[in-house]
Amino acid sequence: MKRKNWYPLDNAAKLYPAVSNARRPYQFFFSALMAEEVKKESLELAVNRILARVPTFRTRLKKGIFWYYLEENKLPFLVREEPADFLGYRDARENNDYLFSLYYRANKITLVCFHALSDGGGAMSVFQEILFEYLRIEGKEIDTEGLIKPAEAPLHYHEAEDNFVKYYVKTKRKEPKERRPAYADGTPFPYDGYGIITAKLSLSDLKAVAKGYGATLTEYFCGLYMYCFFKNFLENTRSKNKLVTVVAPLNMRTRYPSDTLRNFTLFVRMSHDFSEEIGLEDCIRLCSEQMKAGSERERLDSLMYSNVRIQKNPLMKIAPLFLKDIVIRMAYHFVGETLQSCNLSNVGLVTLPESVRPHVKDLFFGISPSYTCKEQLGAIGYGDHVNLTFTRMIVENSMEATFIGELTRAGIGTEVSSNYWEKNL
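Residues numbered from 1 in each chain as written. Predicted model: local features only at pLDDT ≥ 70, side-chain atom pairs only at ≥ 80, totals over all residues. Heavy atoms only, no water.

**Section: empty space enclosed by the protein**
Under the counting rule described, the total for this entry stands at three cavities of 30 Å³ or more. Here the largest cavity defines a volume of roughly 70 Å³. Considering the residues around the largest cavity, the lining is formed by M34, A35, E36, E37, Y134, L135, E138, K140 and H359. Its residues assigned to classes, the lining of the largest cavity comprises four nonpolar, one polar and four charged. In this structure, the second largest cavity encloses a volume near 50 Å³. Top contributing element to the lining of the second largest cavity by residue count: helix α10 (residues 321–335), with four residues. Per-class residue counts for the lining of the second largest cavity are five nonpolar, no polar and three charged. (1 Å grid on protein atoms, 1.4 Å probe; cavity = no way out; pocket = protein on both sides within 12 Å on 5 of 7 lines; lining within 4 Å. Points joined across faces, edges and corners; volume = space filled by probe spheres on them. Nonpolar A, V, L, I, M, F, W, Y, C, P; charged D, E, K, R; others polar. Helix = DSSP H or I, 4+ residues; strand = E, 2+ residues; numbered from the N terminus.)

**A few points about the side chain of H359**
Inspection of the secondary structure assignment puts H359 in the loop between β11 (342–350) and β12 (360–367). By relative accessible area, which is 18% here, H359 ends up buried. (Buried < 20%, exposed > 50% of the residue type's maximum accessible area, 1.4 Å probe, protein only.)

**A few points about the packing of helix α6 (residues 217–233) against helix α11 (residues 398–409)**
Packing of α6 against α11 leaves a shortest axis separation of 9 Å and a crossing angle of 130°. The orientation of α6 relative to α11 falls into the category oblique. Here α6 runs over α11; the crossing is right-handed. On the side of α6, the interface is formed by Y220, F221, L224, Y225, Y227, C228, F229, N232 and F233, while α11 contributes S398, M399, T402, F403, E406 and L407. Residue composition of the contact of α6 with α11, by class: 11 nonpolar, three polar and one charged. (Axes fitted to C-alpha atoms, helices over the stretch in contact; angles between N-to-C directions. Parallel < 35°, antiparallel > 145°, perpendicular 65-115°, else oblique. Left-handed = near helix turned anticlockwise from the far one by under 90°. Contact = heavy atoms within 4.5 Å.)

**Observations concerning the pairing of strand β4 (residues 68–72)**
In this sheet, β4 lies alongside strand β1 (residues 6–8) in antiparallel orientation, the contact comprising three bridges. Within β4, the position partnered with P8 by the bridge is Y69. Note that strand β3 (residues 59–63) and β4 share five bridges and pair antiparallel. Bridging from a neighbouring strand, R60 pairs with E71 of β4. Following β3, the chain reverses through four residues before pairing antiparallel with β4. (Pairing = 2+ DSSP bridges.)

**Describing the packing of aromatic side chains**
Each aromatic ring pair is characterised by the separation of its centres together with the angle its planes make. Under the defined criterion, the tally for this structure stands at 23 aromatic pairs. Taken together, a centroid distance of 6.3 Å and an interplanar angle of 80° make the contact between Y26 and Y332 edge-to-face. Here Y332 lies in helix α10 and Y26 lies in the loop between α1 (16–19) and β2 (27–34), a separation of 306 residues in the sequence. Aromatic rings pair up to connect F28, F30, F127 and F365 into one cluster. Its guanidinium or amino end placed over the ring of W67, K14 lies 4.4 Å from that ring's centre, counting from NZ or CZ. (Phe/Tyr/Trp six-rings, centres within 6.5 Å; stacked < 30°, edge-to-face > 60°. Lys NZ or Arg CZ within 6 Å of the ring centre and 35° of its normal.)

**Here's the deal with the sheet that holds strand β13 (residues 375–382)**
What links the strands of a sheet is backbone hydrogen bonding, and the strands pair in either a parallel or an antiparallel sense. Ordered by their spatial adjacency, seven strands build an open sheet running β10-β9-β11-β13-β14-β8-β15, and the pairing between neighbours is mixed. Two strands in the sheet have a free side with no partner beyond their single neighbour: β10 (265–273) and β15 (414–418). Between one strand axis and the next, the sheet turns through 20° on average, direction left out of account. Here nine bridges tie strand β9 (residues 243–251) to β10, and the two strands are oriented antiparallel to one another. Looking at β10, one finds that L243 is bridged to D273. Packing against the sheet, helix α8 (residues 297–312) makes contact with β9 and β10, and its axis sits at approximately 115° to β10.

**Some points on the pairing of β12**
For β12, the tally of buried residues reaches seven of eight residues, placing the bulk of the element in the interior. Where β2 lies against β12, seven bridges are found, and the strand directions are antiparallel. Within β12, the residue paired with F30 across the bridge is F365.

**So, the sheet that holds β1**
Taken together, three strands build an open sheet; the order of strands is β1-β4-β3 and the sheet is antiparallel. Strand pairing shows two members of the sheet lacking a second neighbour, β1 and β3, which therefore form its edges. When strand polarity is set aside, the average angle formed by the axes of neighbouring strands in this sheet is 30°.

**Section: unusual backbone geometry**
The backbone of D97 shows a phi angle near 75°, a positive value even though the residue is not glycine. On the basis of relative accessible area, D97 is assigned to the partly exposed category, the value being 23%. Located in the positive-phi region is E145, a residue other than glycine, with phi close to 55°. With respect to the helices, strands and loops of the structure, E145 is situated in the loop between α3 (120–137) and α4 (163–167). Judged by relative accessible area, which is 42%, E145 ranks as partly exposed.

**Remarks on α10**
Compared with an ideal rise of 1.5 Å per residue, which puts 15 residues at 21 Å, α10 spans 20 Å between its outermost C-alpha atoms and is within 8% of the ideal. Listed as buried for α10 are L321, K324, D325, I328 and Y332. Buried residues of α10, seen end-on, are gathered within an arc of 100° and therefore sit on one face of the element. Exposed side chains of α10 directed beyond 90 degrees from the buried face belong to F322, M330 and F334. Considering only its buried residues, α10 is in contact with α1, β3, β4 and α9 (314–318). (Expected span 1.5 Å × (residues − 1). Arc of directions from axis to C-beta.)

**A short note on the packing of helix α5 (residues 203–212) against α6**
For any two helices packed against each other, the geometry comes down to the angle between their axes and how far apart the axes lie. Running from N to C, α5 and α6 cross one another at 75°; their axes reach a closest spacing of 9 Å. Compared by their axis directions, α5 and α6 come out roughly perpendicular. Of the residues in α6, those in contact with L203, L206, K207, V209 and A210 of α5 are L217, Y220 and F221. Of the residues in the contact of α5 with α6, the class split is seven nonpolar, no polar and one charged.

Pasting the structure below:
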């Protein structure tokens, strides 16, 4: 593939520069717990080698007359020691204008990515490439087994594609108007950053419990999340609005032929108005039904077309960037994050090459919360377990306690760890 020195933002990425700020950082992270202490010099060499192969990540965000775009970044990428608030809002200038960060601490490596650059599917592929290259530099005898692309692999143009534009089809279907749901509330931390609690769950136990409900793991998690949200933030309040909406990203790479490293995710909303109170089993059943309906090809085509149609609108094309920013912010206020109570993102089971597994002891995934969605949940499977990472921007952790309590009552083997931010007050 011929190298470019700039890239237009993909369709999903176009909104993030306009709406992101310190209260809405729109970042997510992957962490790998390594078998040995991490060497900064080797990690820095590894990421710069991989960036030479993945030019969409070797970029900085620039303002054009009509759109934001990604411009080639020729400055070196800097690896830094992981700070306590690694998931918090970051000025890109801290790392030579790159839109992602790579941290190390003891035997841990963490990648934090701004959503305008990629989604979980794309960033996880790049993270695996960095881990593989790091292990090679450290002299480990490993084989990609075709699961990870090495630094010397050529870039294929499919990896830089905007698959929303590639795969959209015109449709006349109209999505129903969504109601604004209830939100989490609590005491904000008096310092930057988030409370993080991770629950390590037995995969076999999880599968057995979810199967008992006739649900997938994601449907089970969403139903439990909806139930716990109601119990913690609405059950004993006088709030008239008791609508709970859980949003789950859907990786479109599972629906279309795609190798893109850019955003290619749509979202499924699962809702229930708890003015009619229901129990856990009904929450899981509702989420299972709504997840299946929301994942139908006709609906996904409709969502994709709606998004691309706005991008291709002649008036939007010629409007200057400052006007686009105003329009996007206003629209997002009504049809964006304000239409969800919380977000649950499951990246699924990650399979690493057999020769790599002894060097990578565990994997974690989490999402930055925001002042609207103060509670977020990320899930990732590795080996015989699933790690759930709760991130929050409030001191109270009763939501997490309720959720984990339900898991243990269901007989699911659970280990819990935390960054204990609430203890620092």
